[in-house]
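Residues per chain are reported as follows:
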Amino acid sequence: MSGSSAESIAKKLFKPKNDQPYFISHHMHYGELIDPKSGKAVDEVLMVLMKSPKTYTREDIVEIHCHGGYFILKKVLDIVLREGARMAEPGEFTKRAFLNGRIDLTQAEAVIDLIKAKTEISLEIANQQLRGSMYKEMSELRSQLIERLALIEAHIDFPEEEMEPIVLQELKGDLEKMVDQLERWIASYEEGKVFRDGISCAIVGKTNVGKSSLLNVLLKEERAIVTPIPGTTRDVIEEVLNIYGIPVRLMDTAGLRKPLDSIEQEGVKRAKERMADADFVLLMLDGSREIDSDDREIFEEIRKKKRVVIVNKNDLPLKISLEEIKNQFKDEPIVLISALKNEGIDHLKEAIYNSLVHRNIRNTSEHLIISNIRHKNILTQIKNNLFNAIKGLEEGISMEFIAFEIHSVLDAFGEMVGETTTEEVLNRIFEQFCIGK
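Conventions used here
Residues numbered from 1 in each chain as written. Predicted model: local features only at pLDDT ≥ 70, side-chain atom pairs only at ≥ 80, totals over all residues. Heavy atoms only, no water. Helix = DSSP H or I, 4+ residues; strand = E, 2+ residues; numbered from the N terminus. Buried < 20%, exposed > 50% of the residue type's maximum accessible area, 1.4 Å probe, protein only. Areas by Shrake-Rupley, 256 points an atom, 1.4 Å probe, with all protein chains shown as cover. Pairing = 2+ DSSP bridges. Axes fitted to C-alpha atoms, helices over the stretch in contact; angles between N-to-C directions. Contact = heavy atoms within 4.5 Å. Salt bridge = Lys/Arg side-chain N within 4 Å of Asp/Glu carboxyl O. 1 Å grid on protein atoms, 1.4 Å probe; cavity = no way out; pocket = protein on both sides within 12 Å on 5 of 7 lines; lining within 4 Å. Points joined across faces, edges and corners; volume = space filled by probe spheres on them. Nonpolar A, V, L, I, M, F, W, Y, C, P; charged D, E, K, R; others polar. Right-handed = clockwise from strand over helix to strand, strands pointing away. Parallel < 35°, antiparallel > 145°, perpendicular 65-115°, else oblique. Patch = residues over 30% accessible without salt bridge, like charges linked within 9 Å, V, L, I, M, F, W, Y side chains within 5 Å. Phe/Tyr/Trp six-rings, centres within 6.5 Å; stacked < 30°, edge-to-face > 60°. Lys NZ or Arg CZ within 6 Å of the ring centre and 35° of its normal. Arc of directions from axis to C-beta. Polar contact = N/O pair within 3.5 Å; in protein donor to acceptor, adjacent residues only side chain to side chain.

Asker: Explain the overall build of the protein to me, and be specific about the residues and the numbers.
Answerer: From N to C terminus, the protein includes 16 helices and ten strands. Of all 437 residues assigned to the protein, the portion counted as buried reaches 47%. Working note: accessible area of the protein is about 22,700 Å², and carbon and sulfur atoms make up 51% of it.

In structure tokens form, the structure reads like this:
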């Protein structure tokens, strides 16, 4: 519970074992939770009162540690609600922490990412933001801009004092450095989004090329049925795999060929739908067979997709034309594997990772990584304002216009960290929480 009534409600419900008449802040107290209506004990509990402002929300907070089990939890919750509390809205604890000045808006958004993190790297990116890395970087840029703005506005107020050419050149150079920094952060978004949200990846190919075998090898379990009979996979099988910190939702699809019956027809239809919707494609070819019309039809289907080409059955004599594959996919990674013998799988993972992440950012502590589209959009707006200011300096336009662009940048900074954000934006951010946290 968080809020001004948290302590009074707690005192109605708690009977300490040692008859202590009051709570000591930030201490565990052992006792019984009593139903005030019946006077009966509901459970043996530990209760903690944390007095403001040294709490998550900067309000009084009470925690009740009771035994697990659906009925006990529901009973305790019903009593707490009956005595004057209410259910928290999605993200309300974090929203209160933000409104009470404990965290900025970028840190509040990081809590959502922390809860939803699927891999070690996505967790570290969220923690980086929660520790205030973005806020610190933004604050440093803002401080520099305020200093430059003071110089510009002094010139506006006293126009008879002309700015030295060297001062104007230094100002332009400073703004250019800021633009370069912003461009690096903005460029990190595509990779940050991949680590944060993951990708959907369809394994596609004609029948009996080894798609299900590859799924099983990557997952290290017998998830899909594998037989020598073409067309065994009829439906789409989905599982999540961690590839060097990227959450990859793998989809094993039915073999693409002319269907032999209505069931296979539906499987092929679903495979094509998933292939169209997938962020990424693993095109699987049978190295022990020559390329045929079915393969070439698939080539056309995935022409616009980001992909890695896999030549499977590398343990058998190679009959496929690697030259033709290289001509078809000139700039695409081509990996030779044997799903049966688990060979070449690490090379395949590296190829997938390098196709999605184009810089070495596995050590996230060394980089500020942007993974939120709201942040990217605001940073892009800031970059454009600074670029306009640089262009204005080059063209010698009035300093009032330069000051306007820098004021716009400062407003955008305020919007990013929540100093000037509208209620509509706040609601849109916090409704992403699935729980009161």
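Moving on, there is more to tell.
Asker: Summarise the sheet that holds strand 4 (residues 61-65); cite the residues concerned and give the values.
Answerer: Pairing in this open sheet of four strands is antiparallel, and the strands run 1-2-3-4 from one edge to the other. The sheet is open, and its two edges are formed by strand 1 (14-16) and strand 4, each paired on a single side. Between one strand axis and the next, the sheet turns through 45 degrees on average, direction left out of account. Bridging between strand 2 (residues 27-34) and strand 3 (residues 41-50) involves eight bridges; their strand directions are antiparallel. Paired with Met28 across the strands is Val48, a residue of strand 3. Helix 1 (residues 6-13) contacts strand 1, strand 2, strand 3 and strand 4 of the sheet and is inclined by roughly 65 degrees relative to strand 1. Lying over the sheet, helix 2 (residues 70-82) contacts strand 2, strand 3 and strand 4, oriented at roughly 60 degrees with respect to strand 3.

Asker: Break down the pattern of salt bridges for me, citing the residues and quoting the values.
Answerer: Tallying each qualifying case throughout the model produces 30 salt bridges. Taking the shortest distance from any N to any O, the salt bridge between Lys17 and Glu32 comes out at 3.8 Å. Of this pair, Lys17 sits in the loop between strand 1 and strand 2 while Glu32 is found in strand 2, placing the two residues 15 residues apart along the sequence. Using a relative accessible area of 44% as the deciding quantity, one classes Lys17 as partly exposed. Of the residues examined, Glu32 reaches a relative accessible area of 23% and is grouped as partly exposed. Because the salt bridges share partners, they merge into one network encompassing Lys12, Asp35, Lys75, Arg82 and Glu83.

Asker: Explain the layout of surface pockets to me, and be specific about the residues and the numbers.
Answerer: Its boundaries defined by the atoms lining it, the largest pocket holds a volume of some 880 Å³. Along its surface, the largest pocket is lined by 30 residues, and Met1, Ser2, Val80, Arg86 and Phe93 are the ones closest to its centre. Put simply, the parts of the chain that give the lining of the largest pocket at least two residues each are helix 1, strand 4, helix 2 and helix 3 (92-99). The class makeup of the residues in the lining of the largest pocket is 18 nonpolar, seven polar and five charged.

Asker: Pulling in residues and values, what's your account of the pairing of strand 9 (residues 307-312)?
Answerer: Within strand 9, six of the six residues are buried, which leaves it mostly tucked inside the rest of the structure. Taken together, the six bridges between strand 8 (residues 280-286) and strand 9 define a ladder with parallel strand orientation. Across the sheet, the residue bridging to Asp286 is Asn312, located in strand 9. For the segment spanning strand 8, helix 11 (residues 293-301) and strand 9, crossover handedness is right-handed. Following the backbone out of strand 9, through helix 12 (residues 322-328) and into the adjacent parallel strand 10 (residues 334-336), one traces a crossover that is right-handed.

Asker: Explain the packing of helix 4 (residues 105-116) against helix 16 (residues 423-430) residue by residue, including any values.
Answerer: Two elements in contact, helix 4 and helix 16, have axes separated by 10 Å at closest approach and are oriented at 25 degrees. Overall, the two elements helix 4 and helix 16 adopt an arrangement that is roughly parallel. Facing helix 4, whose interface residues are Leu105, Ala108, Glu109 and Ile112, helix 16 presents Leu426, Ile429 and Phe430. Of the residues that constitute the contact of helix 4 with helix 16, the class distribution is six nonpolar, no polar and one charged.

Asker: Can you tell me about unusual backbone geometry, naming the residues and giving the values?
Answerer: Ser52 connects to Pro53 through a cis peptide bond whose omega is 5 degrees. Along the chain, the position of Pro53 falls in the loop between strand 3 and strand 4. Residue Lys313 is not a glycine yet carries a positive backbone phi of 65 degrees. Residue position: Lys313 is located in the loop between strand 9 and helix 12. Not every positive phi belongs to a glycine, and Asn342 is a case in point at roughly 60 degrees. Mapped onto the secondary structure, Asn342 falls in the loop between strand 10 and helix 13 (345-356).

Asker: Describe in detail a nonpolar patch on the surface, supporting the description with residues and values.
Answerer: Residues Met28, Tyr30 and Leu46 make up a contiguous nonpolar surface patch of about 290 Å² in total accessible area. By the element assignment, Tyr30 lies in strand 2. On the basis of relative accessibility, which here comes to 42%, the residue Tyr30 falls in the partly exposed class.

Asker: Account for the packing of aromatic side chains, naming residues and giving values.
Answerer: Taken as a whole and judged by the stated rule, the model has six aromatic pairs. Seen from their ring centres, Phe299 and Phe329 are 5.1 Å apart, and the 85 degrees between their planes marks the pair as edge-to-face. One end of the pair, Phe299, is in helix 11; the other, Phe329, is in the loop between helix 12 and strand 10, and 30 residues separate them in sequence. Stacked on the ring of Tyr56, the Lys or Arg Lys437 has its end atom at 3.9 Å from the ring centre.

Asker: Any details on helix 11? Residues and values, ideally.
Answerer: Among the residues of helix 11, those classed as buried are Asp295, Ile298 and Phe299. The arc that holds the buried residues of helix 11, viewed along the axis, is 110 degrees, so those residues lie on one side. Those residues of helix 11 that are exposed and angled more than 90 degrees off the buried face are Ser293 and Glu300. Lining the buried residues of helix 11 we find strand 5 (199-204), strand 8 and helix 12. For helix 11, the side-chain oxygen to backbone nitrogen distance between the N-cap and Asp294 is 3.1 Å, and the N-cap itself is Asp292.

Geometric values such as these leave the question of function open.
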